[in-house]
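Architecture at a glance
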Amino acid sequence: MKTIITGDRPTGRLHLGHYFGSLQNRVKMQYDYDTFILVADVQALTDNYDNPEKVRNNVKELTMDYLAAGIDPNHSHIYIQSLIPEVAELTVYFSNLVSVARLYRNPTTKHEVGQKEHLFGKDGESITYGFLGYPVSQAADITALDGDIVPVGEDQLPHLEQTREIVRKFNNIYGDTFKEPEAVLSSNPRIKGLDGNEKMSKSLGNCIYISDEYDTILKQVMSATTDPNKIKKDDPANPEVCMVYYYHKLFENNDLDKICSECKKGERGCVACKKELAQKIDDYLRPMRERRKYYEQHPEEVEKILKNGTEAARNRAKEVMNRVRKNMKLDYFE
Ligand code: TRP
C-alpha cells in the first residue's frame, strides 16, 4: 500500500481554506493509503521560537480539528514531529544537498518572510537558518517515512519540488534510497476568503473555522463581499462576482440554478441569501463540531491517539534510517 505523509503547523485553528485545500482530500484518501499526518511542531517553532506555549497548546487543538474533520484514528496515524528524532537527523544529512541560493528562491518561504518583518527584518535581512531551511526538514518529514503521496494545498508545491530535488541528488550520490514523492492537490486547491481575497487566512480576518458556531458563521457570512453594483434588495446582480454565490457553490446542495437565476433577476436579496448560506455552512460543519466536542471532553483519547500515531511513525522512521545510514556508510558497528 502506498504511503501518505502530510500535516500542518500547530499555530491556530483550521479553517475552510485548509478543509477544501487539503483536509477533505486527506479524509477521503485515508481509506486507500497508509496515512501519516504530522503535527509539525518543529516547523511551527521556526517562526514561533519565542512562543513555545502557543505551539504546545495548538498541538492538541490541531489534532482535535483533524479528528473533527473526519481523520479516522483507525485509518490514519496522527503524530508529533518533534518526537521523531530520526527526522532531525535526516534533516542534517539533507542540508548538505541544498544550496543556500536555492533555499532563497523558494517562492513560498519568500512570501512568508515578507509577512514576518517583525521576526526576519525588512526584506528578510535577519532571516534565521532554521526558517530558511525548513523546506529541508519538510523533505525529511516526507522521506523518513517513505512517503509516496503528499496531499497539500497549493502553497506547498514549491516545498514538494525541493523535496524531489533532494531525493534525486541523494539517490545519485548514495545510491537508490528514496522514492520521489508526489503532491496531490484537491479539486479546489485554494479557496478565496469571504472578502474576495485570493486566500483565506487568519491574518486577513476572512475565515470561517471548522469549529465555528452558527453565530460566528452568520457574522462572517454577513461581512462577505457581494456585487458592488447591487444597491437595493431587488436590483438584478451578477452572482459570478459575489463571494456569497462562490460559497454557495462550494457547499452545493442542488439549489444553485435557483440561486443564480433569482439573483440575476433581482428576486433575491443579499441578506436572505447570506442567511441561507450561513445555514448551509452550519449544517455542513455541525457533525464536525459535534465530533470535536466529544474529543474536547475526552482529552485522554486525544493523547492516546497521538501516542499511538507517534509510535507507528517512529517505527517506520527507524527502519528507513537504518537504510539511510547504511547507504551513507554511517553504519559503523553493524
Ligand atoms: N509546511 C506545511 C504547512 O505549513 C506543514 C508540513 C510540515 C508538511 N511537514 C510536512 C506538509 C510534510 C506535508 C508534508 O502547513
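Anything mentioned here points back to the structure above.
Residues numbered from 1 in each chain as written. Predicted model: local features only at pLDDT ≥ 70, side-chain atom pairs only at ≥ 80, totals over all residues. Heavy atoms only, no water.

Looking at where Val 55 falls in the secondary structure, it is placed in helix 3 (residues 52-69). By relative accessible area, Val 55 is classed as buried at 4%. Along the backbone, Val 55 and Asn 172 are 117 residues apart, and their C-alpha atoms lie at a distance of 37 Å. In this structure, Val 55 is in contact with Pro 10, Asp 41, Ala 44, Leu 45 and Asn 48, ignoring residues within four places of it in sequence. (Helix = DSSP H or I, 4+ residues; strand = E, 2+ residues; numbered from the N terminus. Buried < 20%, exposed > 50% of the residue type's maximum accessible area, 1.4 Å probe, protein only. Contact = heavy atoms within 4.5 Å.)

With that settled, the discussion passes to the pairing of strand 2 (residues 34-39). Extensive coverage of strand 2 is indicated by the burial of five of its six residues. Two strands pair when backbone bridges link them, and strand 1 (residues 3-8) and strand 2 are joined in this way by six bridges, in the parallel orientation. Looking across to strand 2, one finds that Thr 6 is bridged to Ile 37. Between the parallel elements strand 1 and strand 2, the chain passes through helix 1 (residues 16-29) in a crossover that is right-handed. Taken together, the five bridges between strand 2 and strand 3 (residues 76-80) define a ladder with parallel strand orientation. The partner of Val 39 across the bridge, within strand 3, is Ile 80. (Pairing = 2+ DSSP bridges. Right-handed = clockwise from strand over helix to strand, strands pointing away.)

Near the ligand lie 13 residues; those nearest to it are Arg 9, Gln 43, Gln 138, Asp 141 and Gln 156. With respect to the ligand, the side chain of Gln 43 contributes an N or O atom lying 2.7 Å from a nitrogen atom. Here a nitrogen atom of the ligand and a side-chain polar atom of Gln 156 are 2.8 Å apart. Protein burial of the ligand: of its 370 Å² of free accessible surface, 93% is covered by the chains. Of all the secondary structure elements, the ones that give two or more residues to the shell around the ligand are strand 1 and helix 9 (134-143). Split into classes, the residues belonging to the shell around the ligand amount to five nonpolar, five polar and three charged. (Near = heavy atom within 4 Å. Polar contact = N/O pair within 3.5 Å; in protein donor to acceptor, adjacent residues only side chain to side chain. Areas by Shrake-Rupley, 256 points an atom, 1.4 Å probe, with all protein chains shown as cover. Nonpolar A, V, L, I, M, F, W, Y, C, P; charged D, E, K, R; others polar.)

Closest axis-to-axis distance for the helix 4 (residues 85-94)/helix 15 (residues 299-327) pair is 9 Å, and the angle between their directions is 30°. Judged on the interaxial angle alone, helix 15 and helix 4 are roughly parallel. With respect to the hand of their crossing, helix 4 and helix 15 are arranged in left-handed fashion. Across the interface between the two elements, Pro 85, Glu 86, Glu 89, Leu 90 and Tyr 93 of helix 4 pack against Arg 314, Ala 317, Lys 318, Met 321, Val 324 and Arg 325 of helix 15. Here the residues of the contact of helix 4 with helix 15 are counted per class, giving six nonpolar, no polar and five charged. (Axes fitted to C-alpha atoms, helices over the stretch in contact; angles between N-to-C directions. Parallel < 35°, antiparallel > 145°, perpendicular 65-115°, else oblique. Left-handed = near helix turned anticlockwise from the far one by under 90°.)

Of the positions making up helix 4, those classed as buried are Glu 86, Val 87, Leu 90, Thr 91, Tyr 93 and Phe 94. Across the axial projection of helix 4, the buried residues extend over an arc of 160°, all falling on one side. In this structure, the buried side of helix 4 is in contact with helix 9, helix 10 (157-174) and helix 15. (Arc of directions from axis to C-beta.)

For Asp 146, which is not glycine, the phi dihedral falls at a positive 55°. In this fold, Asp 146 is placed in the loop between helix 9 and strand 4 (149-151). In this structure Asp 146 comes out as buried when scored by relative accessible area, which is 15%. Positioned with a positive phi, Lys 329 is a non-glycine residue whose angle comes to about 60°. Here Lys 329 shows up in the segment after helix 15.

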